[in-house]
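# Structural characterization, general
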Amino acid sequence: MPLPWEALIPFGLLTTMFAAAGTLLNVSQRAQNLGKPPRYKIDEWDEMMMERDRRLTGHRRGQQTDPVASESFATNSTWYTDKTQ
């Protein structure tokens, strides 16, 4: 049975569009995460560490190698506002 060559053009277009959409989604997610892959199955501990990283560096995925935290780290906690009522 001969191959219908006319069907290869739409097939190629669909394949290209799905590949482009997937690539753009991957690039967009990595750009939002400082070049790192997205996180899955984040538990409470990971949420706390991501909040700490945000307070230290200004971004949820940022990490710092400096062993001493900056002066503002001691006073920019949300814990004080959560407990006061």
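In short, a report on the structure. Every value quoted in this text rests on a predicted model; they were computed, and no experiment measured them. What you see as residue numbers is a count from 1 along each chain, following the sequence as written. Where local features are concerned, this predicted model is filtered to residues with pLDDT of at least 70; where side-chain atom pairs are given and counted, the filter is 80 or more; whole-chain, interface and lining totals use all residues. No hydrogens and no water enter the side-chain calculation; it runs on all heavy atoms of the structure.

### Considerations on the overall build of the protein
- A run of DSSP states H or I qualifies as a helix once it reaches four residues; a run of E qualifies as a strand once it reaches two. Both are numbered from the N-terminal end. Helix and strand content of the protein: three helices and zero strands.
- Throughout, exposure labels follow a simple rule: accessible area from a 1.4 Å probe, protein chains only, divided by the maximum for the residue type, with under 20% read as buried, over 50% as exposed, and the rest as partly exposed. A total of 85 residues make up the protein; the buried ones form 8% of that total.
- Within the protein, counting contacts between residues at least 6 apart in sequence, those at least 24 apart form 31% of the total. Working rule for contacts: check all heavy atoms of both residues, and any pair within 4.5 Å makes them a contact.

### Overview of helix H1 (residues 8–32)
- The length a helix should cover is 1.5 Å for every residue beyond the first. Compared with an ideal rise of 1.5 Å per residue, which puts 25 residues at 36 Å, H1 spans 36 Å between its outermost C-alpha atoms and is within 8% of the ideal.
- After H1 finishes, the residue leucine 34 shows a positive phi value of roughly 55 degrees.

### Things to note about the pattern of salt bridges
- In the sections that follow, a salt bridge refers to a side-chain nitrogen of Lys or Arg positioned within 4 Å of a carboxyl oxygen of Asp or Glu. One pass over the structure, following the stated rule, counts two salt bridges.
- Between glutamate 51 and arginine 54 there is a salt bridge, and its shortest N-O distance comes to 2.5 Å. Pair noted here: glutamate 51 and arginine 54 are both in helix H2 (residues 44–57), with a separation of three residues, about one helical turn.
- Judged by its relative accessible area of 26%, glutamate 51 falls in the partly exposed class.
- Taking the shortest distance from any N to any O, the salt bridge between aspartate 53 and arginine 52 comes out at 3.0 Å.
- Residue aspartate 53 is classed as buried on the basis of its relative accessible area, which comes to 6%.

### Digging into the environment of glycine 62
- Mapped onto the secondary structure, glycine 62 falls in the loop between H2 and helix H3 (79–83).
- When residues no more than four places from it in sequence are discounted, the contact partners of glycine 62 are Leu34, Asp53 and Thr57.

### So, the side chain of arginine 61
- The residue arginine 61 is located in the loop between H2 and H3 in this model.
- For the buried residue arginine 61, which engages in no salt bridge, the nearest side chain bearing the opposite charge is aspartate 53, 7.2 Å off.
- Pairs of N or O atoms within 3.5 Å make up the polar contacts considered here, provided that, within protein, one atom can donate a hydrogen while the other can accept it, and that residues adjacent in sequence are counted only when both atoms are side-chain atoms. Here proline 37 takes part through its backbone oxygen, which lies 2.9 Å from a polar atom of the side chain of arginine 61.
- Those residues within four positions of arginine 61 in sequence are excluded, and the remaining contacts are Asn33, Leu34, Lys36, Pro37, Pro38 and Arg39. The convention is simple: Lys and Arg are positive, Asp and Glu are negative, and His and the chain ends are not counted.

### A word on a nonpolar patch on the surface
- On the surface, Leu3, Trp5, Leu8 and Phe11 cluster together to form a nonpolar patch covering roughly 480 Å² of accessible area.
- In this structure, phenylalanine 11 sits in helix H1. Patches here are clusters of residues that have more than 30% relative accessible area and form no salt bridge, with a 9 Å joining cutoff for like charges and a 5 Å cutoff for nonpolar side chains (Val, Leu, Ile, Met, Phe, Trp, Tyr). Per-residue and other accessible areas were derived by the Shrake-Rupley procedure at a 1.4 Å probe size, with only the shown protein chains allowed to occlude residues.

### Observations concerning H2
- Relative to the 20 Å expected for 14 residues at 1.5 Å per residue, H2 spans 20 Å between its end C-alpha atoms, a close match to the ideal helical length.
- Along H2, the residues classified as buried are Met50, Asp53 and Arg55.
- The positive-phi residue at the C-terminal boundary of H2 is glycine 58, with phi of around 95 degrees.

By themselves, these observations are geometric and do not establish any function.
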